[in-house]
Amino acid sequence: MATIRLGDVAPNFTAKSTEGDINFHDWLGDSWGILFSHPADYTPVCTTELGTVAKYKPEFDKRNVKVVALSVDGLESHKGWVNDINETQNTTVNFPIIADDDKNVSELYDMIHPNANDKLTVRSVFVIGDDKKVKLIITYPASTGRNFDELLRVIDSLQLTAYHKVATPANWKNGEDVVISPAITNEQIPGMFPKGHKEIKPYLRMTPQPNLD
Ligand code: BEZ
């Protein structure tokens, strides 16, 4: 198992899923992707997480992001559990769940942290860009469900900063002012940021979000 770091190409794999066999890179195609693990089927926090992701699907679609979940349980277990998720969370699971019972993918992505639990995956999140490179890694313990609003917020920042020479400040939300990249000189600013800018300090220059009308 190699360490996966930001900027690395997301390792490819083939796996069984609730929507058929997946070749990860082929499945991603030209989309961005989220690969997230949960510790086990038929557990309460995971049930709420997968129900939430199903409800957020239109938001992921809007951002051209495909979502795939994973746990080390088998396909039959996943299929039965999906019925429970649909029933209890008032939704329809609309994304694949990988059945990683041979732990191939969990080990490839270092999702099992033995000092937390030597058999189950932790709550890993990998955001992968449309260039197949890893853009974000977050790891939560089993006892803490993820905040998928935060994940959407981070994707907005990742996609904005992938295409514009800006960075997003603390607690930034889509639509708010952004920071001009330190690599941009003051002379370059008017041509690159025609909406104007405010210099708070020479190293802290703010501009309206450039990809909005
Ligand atoms: C849960 O999803 O509720 C959960 C799973 C494993 C350990 C603790 C909680």
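Structural notes, computed from the coordinates. (Residues numbered from 1 in each chain as written. Predicted model: local features only at pLDDT ≥ 70, side-chain atom pairs only at ≥ 80, totals over all residues. Heavy atoms only, no water.)

## Regarding the nonpolar core
Convention followed: The nonpolar core is taken to be a set of buried Ala, Val, Leu, Ile, Met, Phe, Trp, Tyr and Cys residues, with the residues joined through side-chain atoms within 4.5 Å. Only protein chains enter the calculation, and the probe is 1.4 Å; a residue is then buried if its accessible area is under 20% of its type maximum, exposed if over 50%, and partly exposed in between. In this text, helices come from DSSP runs of H or I with a minimum length of four residues, and strands from runs of E with a minimum of two, each type numbered from the N-terminal end. Residues are treated as being in contact if the distance between any of their heavy atoms lies within 4.5 Å.
Within the largest apolar cluster, 27 residues are counted, with the highest numbers of intra-cluster contacts made by Ile34, Phe36, Leu50, Phe60, Phe95 and Val127. Breaking this core down by element, the ones donating at least two residues are β3 (32–37), α2 (44–55), β4 (65–71), α4 (75–89), β6 (123–128), β7 (134–140) and α6 (148–163). Take this core: its biggest share by element is 6 residues, from α6. In this structure Phe95 touches Thr18, Glu19, Phe36, Leu50, Val53, Ala54, Val67 and Ala69, once residues within four positions along its chain are discounted. Residues Ile4, Ala10, Leu28 and Leu70 belong to the second largest nonpolar core, which totals 18 residues.

## Some points on the pairing of strand β11 (residues 204–207)
Convention followed: One bridge is not enough; two strands pair if DSSP finds at least two bridges between them.
Inspection of the sheet shows strand β9 (residues 178–180) paired to β11 by 2 bridges, in the antiparallel sense. Its bridge partner being in β11, Val179 is matched across the sheet by Met206. Here strand β10 (residues 198–201) runs beside β11; their pairing, made up of 3 bridges, is antiparallel. Paired with Lys198 across the two strands is Met206, which belongs to β11. A loop of 2 residues connects β10 with β11, the two strands running antiparallel in sequence.

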